[in-house]
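The chain contents come next:
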2 protein chains.
Amino acid sequence: MRDVAILGVGMNARWGELWQMSLRDIFVEAALNALDDAGVDHVDSMYVGNMSGGVFVEQEHLGCLLADYLGMTPVPATRVESACASGGAAVRQGFIEVASGLSDLVLVGGVEKMTDVGADEATHALSTAADMEYEAYHGITFPGLYALMARVHMERYGTTREQLAHVSVKNHRHGAMNPEAQYPSEITVDDVLSSVMVADPLRILDCSPITDGAAAVVLCPLETARKIARTPAVRMLASAQASSTIALHARSDLAWLESTAAAAEKAYKMAGRTPQDINVAEVHDCFSIAEILAIEALGLAAKGRGGQAAESGLTALGGRIPVNTSGGLKSKGHPVGATGVAQVVEVTRQLRGTAGARQVAGARLGLTQNMGGTGGSSVVHILEAV
Amino acid sequence: MRDVAILGVGMNARWGELWQMSLRDIFVEAALNALDDAGVDHVDSMYVGNMSGGVFVEQEHLGCLLADYLGMTPVPATRVESACASGGAAVRQGFIEVASGLSDLVLVGGVEKMTDVGADEATHALSTAADMEYEAYHGITFPGLYALMARVHMERYGTTREQLAHVSVKNHRHGAMNPEAQYPSEITVDDVLSSVMVADPLRILDCSPITDGAAAVVLCPLETARKIARTPAVRMLASAQASSTIALHARSDLAWLESTAAAAEKAYKMAGRTPQDINVAEVHDCFSIAEILAIEALGLAAKGRGGQAAESGLTALGGRIPVNTSGGLKSKGHPVGATGVAQVVEVTRQLRGTAGARQVAGARLGLTQNMGGTGGSSVVHILEAV
């Protein structure tokens, strides 16, 4: 397999409720920014990470649609879906295609247009990531599922309500430095604790928002990047994915992300690195508890200590391992199919040293963790500045 | 890139209106049959071709769901979507993953459960493969779009209404020999011409049906297949995909499948073969006119002569290049996400010499062509008996 690098990255100007833009407009903006950043005007192949265009905007066949609107036909263009891990899964397909030698320039974009439907419909659309027959059909939604995971974590490890809040507070503090973020505003622990209850113990400020947005990356062989990249080359040391049971009730441990742990183990092995080597990470904080579970499964915090990591500042900018410097899903927003790609965009900027006010000094090795459902799918990437 | 082979193939027992089975049941049946045929009890990775689980059965995240129900967690499992070419696109991802060296055993399944909704909802779900904003929103559906293509072909090349009928008659004659087919019954030209009008000139017997079904293949390196295959090895000589405009009105020629022609050109080049070398082909006859357009774009018939190919018997069993020996989408059924995988299943059986009553004598080289929408996406595979 060939070594793979990231040649260009891009986002649409700002994530949020983009009522004046269609899905295709948002995607094309991000893709053009990535192509411009890469300094190329063509690609050999395209992948689109998208969770539910069919339900959100009544549009499937997004690979074709977006290759067309980007002016890239007749390149192969395929949509990849793995619920909220669709973006990460799409990046992995691009990685494999470049590594295989089949293509030299692959564009991977992620996009979701979620605000064209009402909140009820959006909640329904998201529930299709759960087991429809055994979970969603009976009325449970994702805040409820993650609330169950939070309860177990609190009961077993003594994780406090305040520690959950610290995750959101930290990510909003980071997001306040990100002009692309949907909610770039700082919040306090009191704000979280007094916000509207969604599913006990999770309140609205524990939950990532409904977002329209897109992100894109251009991948190429490392050798090519060394020759033509106008920015420091970023190597994809590892790309790993794993699955777990789709239904939460089928897991042996509700407070442990098996698929993230499995993907991380493969990724560390592929990269020849350990959790202690990671300088910066973007993880899937769809709910505050999710970041806590993710950093434990990734080995960035000990089992049961994820809550303390947020409270102590370990995972804040300036801490030992800054997590979600972009603002994470909580502050930056969570257009589900775009999230996994945007994580790679943020870590690439950190490794290039171009993350501005939220730069992690001297970051050389970064990690992304993107997951679908309650962790039925996870994708982990490890990137290195070279 | 490593050479890739097909180690096992399988279908669920019979395609049709499977009201007693859920999407997951149908998929698991086909996948277990493919694993049994391959003689393996594990895989390294999985792909699921599916067009619109979100709209048809309110279930996304199908990679995770189906890895789970197949007992394959924690393998990476990703759903691939390219409208009605989802199955072909999924096979291509499996091909790339094995070719890259990342995985040695990859299961690729395709599935669609279409009959849990009414005909109106199914028509809506399928219309999400068209350009929703510029085509479907205004009321046109796929029979209407293909009728436009048929009209142009008839006007320009003198293709007759009877020639369209001959495509359906031939495919039903083939399908009558296929115990897995949804409609294994012979029909006559008169049956087609007197059947209910759907979108002039296309009548109901020009149209493929609404179907529940699944198909699966197990891929591995050719070297492995030579060692462990219990059946003659089938090599994947080429896997190619291309895109075109999603909207029919944006094409320079309504009677020419640009994406199929582009994918075929790449595939023939990759395989080092020409159309004249092909012994058997499965093509995307979602409507009778579609087969005519497909064989022209593939170079199996001259431009404008696709209708005569069906009428003259060129593409029938016993003809020079038998097309859709399985019965095609018309007789076998068209569970959209499964179709591209099932085409590979049929050609594999032909190249193994195990196609029973519908065997093409001495078939050594086979081709599949799977497309999405009105040809916005096409995937072409070339397989060889080795």
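These numbers were taken from a predicted model, which means no experiment stands behind them.

Attention now goes to the pairing of strand β7 (residues 213–221) of chain B. Residues and elements named next belong to chain B. Among the 9 residues that make up β7, 9 are buried, leaving the element largely enclosed by the rest of the structure. As defined by bridge partners, strand β1 (residues 4–11) adjoins β7 across 7 bridges and the pair is classed as antiparallel. Bridge pairing in β7 links Val4 to Pro221. Pairing of strand β4 (residues 106–112) with β7, which is carried by 7 bridges, proceeds in the antiparallel orientation. By the bridge assignment, Glu112 is partnered in β7 with Gly213.

Of the two same-sequence chains, chain B is brought onto chain A (RMSD 0.0 Å, axial shift 0.0 Å) by a rotation of 180°. Both chain copies can therefore be described as sitting about a two-fold axis. Minimal C-alpha separation from the rotation axis in chain B is found for Ser100 of chain B, amounting to 1.9 Å. A high fraction, 100%, of the interface residues of chain B reappear at the interface in chain A, so the copies pair face to face through one surface.

With that settled, consider the nonpolar core. By size, the foremost hydrophobic cluster in this structure holds 102 residues, and its most contacted members are Met46, Tyr146 and Ile382 of chain B. For this core, the element with the highest residue contribution is helix α1 (residues 23–38) of chain B, accounting for 9 residues. Beyond its immediate stretch of four places on either side in the chain, Met46 of chain B contacts Phe27, Gly63, Leu66, Ala67, Leu70, Met72, Val75, Pro76, Ala77, Thr78 and Leu107 of chain B. The next biggest cluster of nonpolar side chains, apart from the first, holds 101 residues, and it includes Ala77, Ala262, Val283 and Ala309 of chain A.

Here we take up the environment of Val217 of chain B. All names here are of chain B. With respect to the element layout, Val217 can be found in strand β7. For Val217, a relative accessible area of 0% puts it in the buried group. Spatially, the C-alpha atom of Val217 lies 9.1 Å from that of Asn33, the residues being 184 residues apart in sequence.

Taken as a whole and judged by the stated rule, the model has 2 aromatic pairs over all chains. Taking NZ or CZ as reference, Arg24 of chain A lies 4.5 Å from the ring centre of Tyr69 of chain A, over its face.

It is worth spelling out the pairing of strand β4 (residues 106–112) of chain A at this point. All names here are of chain A. Counting buried positions along β4 yields 7 of 7 residues, so the element is predominantly enclosed. Side-chain alternation along β4 places Val106, Val108, Gly110 and Glu112 on one buried face and Leu107, Gly109 and Val111 on a second face that is also buried. Relative to β4, strand β2 (residues 45–49) is paired through 5 bridges, and the arrangement is parallel. Residue Gly49 lies in a different strand from β4, and its bridge partner there is Gly110.

In this section: the pattern of salt bridges. For the structure shown, the criterion picks out 36 salt bridges over all chains. When the shortest N-O distance is used, the salt bridge between Glu384 of chain B and Arg273 of chain B registers 2.8 Å. One end of the pair, Glu384 of chain B, is in strand β11 (residues 377–385); the other, Arg273 of chain B, is in the loop between α10 (258–271) and β9 (280–282), with 111 residues separating them in the sequence. By relative accessible area, Arg273 of chain B is classed as partly exposed at 27%. Where salt bridges share partners, they join Arg24 of chain A together with Asp131 and Glu133 of chain B into one cluster.

Counting from both sides, the interface comprises 61 residues of chain B and, opposite them, 61 residues of chain A. Each partner contributes to the roughly 4600 Å² buried at the junction of chain B and chain A, and carbon and sulfur atoms together form 51% of this total. At the boundary of chain B and chain A, one finds 8 salt bridges. Close ionic contact of Asp131 of chain B with Arg24 of chain A constitutes a salt bridge, the shortest N to O distance being 2.9 Å. The interface formed by chain B and chain A holds 37 residue pairs in polar contact (both at pLDDT 80 or more) in total. The residue makeup of the side of chain B that touches chain A, split by class, is 28 nonpolar, 22 polar and 11 charged. Of the pairings in the sheet, the one linking strand β3 (residues 77–81) of chain A to strand β3 (residues 77–81) of chain B comprises 3 bridges and is antiparallel in character.

Residues and elements named next belong to chain B. The element helix α11 (residues 288–297) is largely enclosed, with a buried count of 10 among its 10 residues. Regarding α11, the residues found buried are Ser288, Ile289, Ala290, Glu291, Ile292, Leu293, Ala294, Ile295, Glu296 and Ala297. Check the buried side of α11 and you find it contacts α6 (142–157), α7 (161–175), β6 (202–203), α10, α12 (306–312) and β10 (365–372).

What counts, and at which threshold
Residues numbered from 1 in each chain as written. Chains lettered and ligands numbered in written order. Predicted model: local features only at pLDDT ≥ 70, side-chain atom pairs only at ≥ 80, totals over all residues. Heavy atoms only, no water. Buried < 20%, exposed > 50% of the residue type's maximum accessible area, 1.4 Å probe, protein only. Helix = DSSP H or I, 4+ residues; strand = E, 2+ residues; numbered from the N terminus. Pairing = 2+ DSSP bridges. Least-squares fit on C-alpha atoms with pLDDT ≥ 70 in both. Contact = heavy atoms within 4.5 Å. Core = buried A, V, L, I, M, F, W, Y, C linked by side-chain atoms within 4.5 Å. Phe/Tyr/Trp six-rings, centres within 6.5 Å; stacked < 30°, edge-to-face > 60°. Lys NZ or Arg CZ within 6 Å of the ring centre and 35° of its normal. Salt bridge = Lys/Arg side-chain N within 4 Å of Asp/Glu carboxyl O. Buried area = accessible area lost by both parts, 1.4 Å probe. Polar contact = N/O pair within 3.5 Å; in protein donor to acceptor, adjacent residues only side chain to side chain. Nonpolar A, V, L, I, M, F, W, Y, C, P; charged D, E, K, R; others polar.

This is a description of form; function is not addressed.
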